[in-house]
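Descriptive analysis of the structure
Residues per chain, in single letters:
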Amino acid sequence: MFIEERHRKILEILESKGSISTAEIQRKFSVGYDSAKRDLRILEEKGLLKRTHGGAIAVRQVGAGKPSNITCRDFNEVKENYLAIAKRAISMINNNDVVFITSASIGYLMAQNLPDDLKIRAVTNSIIVAEALRSKENVSVIMLGGEMDAKGNCYDAFAIETIKRLRFDKCFLTSAAISAKFGLSIQKSQAISFWNAVIDNSKQAIGLYPTEKIGFESIVSICSADRLNTIITDWDAPEKELKEFDELGIEIDIVENNNE
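This report concerns the structure included in the present document. Only a predicted model underlies this, so the values are computations on that prediction, with no experimental measurement involved. (Residues numbered from 1 in each chain as written. Predicted model: local features only at pLDDT ≥ 70, side-chain atom pairs only at ≥ 80, totals over all residues. Heavy atoms only, no water.)

Structural notes on the overall build of the chain
The helix and strand inventory of the chain stands at 9 helices and 13 strands. Here the chain has a C-alpha radius of gyration of 19 Å; the compact-globule value for 260 residues is 18 Å, and the two agree. Oriented by its inertia axes, the alpha-carbon framework of the chain measures out at about 60 × 35 × 35 Å. In the chain, which comprises 260 residues, the share counted as buried stands at 48%. The contacts in the chain between residues at least 6 apart in sequence include a share of 63% that link residues at least 24 apart. If you sum the accessible surface of the chain, you get close to 13200 Å²; carbon and sulfur atoms cover 46% of it. Looking at charge distribution, the chain has the averaged site of its 34 positive side-chain charges lying 2 Å from that of its 37 negative ones. (Helix = DSSP H or I, 4+ residues; strand = E, 2+ residues; numbered from the N terminus. Rg over C-alpha atoms; globule rule 2.2 N^0.38 Å. Buried < 20%, exposed > 50% of the residue type's maximum accessible area, 1.4 Å probe, protein only. Contact = heavy atoms within 4.5 Å. Areas by Shrake-Rupley, 256 points an atom, 1.4 Å probe, with all protein chains shown as cover. Lys, Arg positive; Asp, Glu negative; His and termini not counted. Charge placed at Lys NZ, Arg CZ, Asp CG, Glu CD.)

Structure representation (structure tokens):
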């Protein structure tokens, strides 16, 4: 197989799956490790993919996002890296902490996996996350009110006013993307003031960012990356971007792949 055809097939896999590992390239195309790494380097230099520690992920469009009717619990399958990050986040919570839990799918996974012996007060702007928390006798829930969007989340002035009256030991949040240069970013500007209010009123701001969000930039910047104290990410996160976050003074917590 010519190298051009192999590159075309690698890009087809990326288009359908969103990611590909170096080992998968070696196995599918009967090439050595060095050849597989070189393929990914060439394709990255052409701007056709983004290399990670163990392979590559597809290059995202700036405005990429979920449809407005997709909620935080609407996933076909739970991604291993999302669940691992959610569980690591839970391990950072102490008894009697007051925590803010993001309205994103990774926040929903946190709510589902909170242990029964961890007594906390949890605040969220998501009716879906709040419902998952409500079933736990050890969790006291504060649901932020306001005008609800199609996904069951509140970001408006009513929610922000309540946030300003609260103090969190830790906030766990995420966004569409994060980069060292552009910071935390999202598709729509309506939530900028909300997320800044959450960070302003937290002793520790902890970002939950799977590989798929690291090093990318969405349309609107929420704030600079160094407003986060810690970023929890996964085993495939690109080393170049992690080094840039480290240089900003952000603690990097990388979860391990337990399936390897």
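Looking at the side chain of N81
The topology assignment puts N81 in helix α4 (residues 80-91). Among the polar contacts listed, one links the side chain of N81 to the side chain of D234, at a separation of 3.1 Å. When residues no more than four places from it in sequence are discounted, the contact partners of N81 are P210, T211, E212, D234 and W235. (Polar contact = N/O pair within 3.5 Å; in protein donor to acceptor, adjacent residues only side chain to side chain.)

Let's talk about unusual backbone geometry
The backbone of S30 shows a phi angle near 55°, a positive value even though the residue is not glycine. The topology assignment puts S30 in the loop between α2 (22-29) and α3 (33-45). S30 sits in the exposed class, given a relative accessible area of 68%.

Notes on the environment of F182
Looking at the secondary structure, you find F182 in the loop between β8 (177-179) and β9 (183-186). By relative accessible area, which is 28% here, F182 ends up partly exposed. Sequence-wise, F182 and S221 are 39 residues apart; in three dimensions their C-alpha atoms are separated by 6.3 Å. With near-sequence residues (within four places) excluded, F182 lies in contact with E217, S218, I219, V220, S221 and C223.

Here's the deal with the packing of aromatic side chains
In this structure the tally under the stated criterion is 6 aromatic pairs. Ring geometry for F194 and W195: centres 5.1 Å apart, planes at 85°, overall edge-to-face. Aromatic rings pair up to connect F100, Y155, F168, F194 and W195 into one cluster. (Phe/Tyr/Trp six-rings, centres within 6.5 Å; stacked < 30°, edge-to-face > 60°.)

A look at helix α9 (residues 239-247)
For α9, every residue scored as buried is listed here: E241, L242 and F245. Angular distribution of buried residues about the axis of α9 spans 100°; they occupy a single face of the element. Turned more than 90 degrees off the buried face of α9, the exposed positions are E239, K240, K243, D246 and E247. Contact partners of the buried residues in α9: β2 (49-51), β8, β12 (230-233) and β13 (251-254). Backbone geometry just after α9 places G249 at a positive phi near 90°. (Arc of directions from axis to C-beta.)

Brief notes about the packing of α2 against α3
The N-to-C vectors of α2 and α3 enclose an angle of 115°; their axes lie 9 Å apart at closest approach. Here α2 is positioned roughly perpendicular relative to α3, judged by the angle of their axes. Crossing of α2 over α3 shows right-handed handedness. Taking contact as the criterion, the partners of T22, I25 and Q26 in α2 are, on α3, Y33, A36, K37, D39 and L40. (Axes fitted to C-alpha atoms, helices over the stretch in contact; angles between N-to-C directions. Parallel < 35°, antiparallel > 145°, perpendicular 65-115°, else oblique. Left-handed = near helix turned anticlockwise from the far one by under 90°.)

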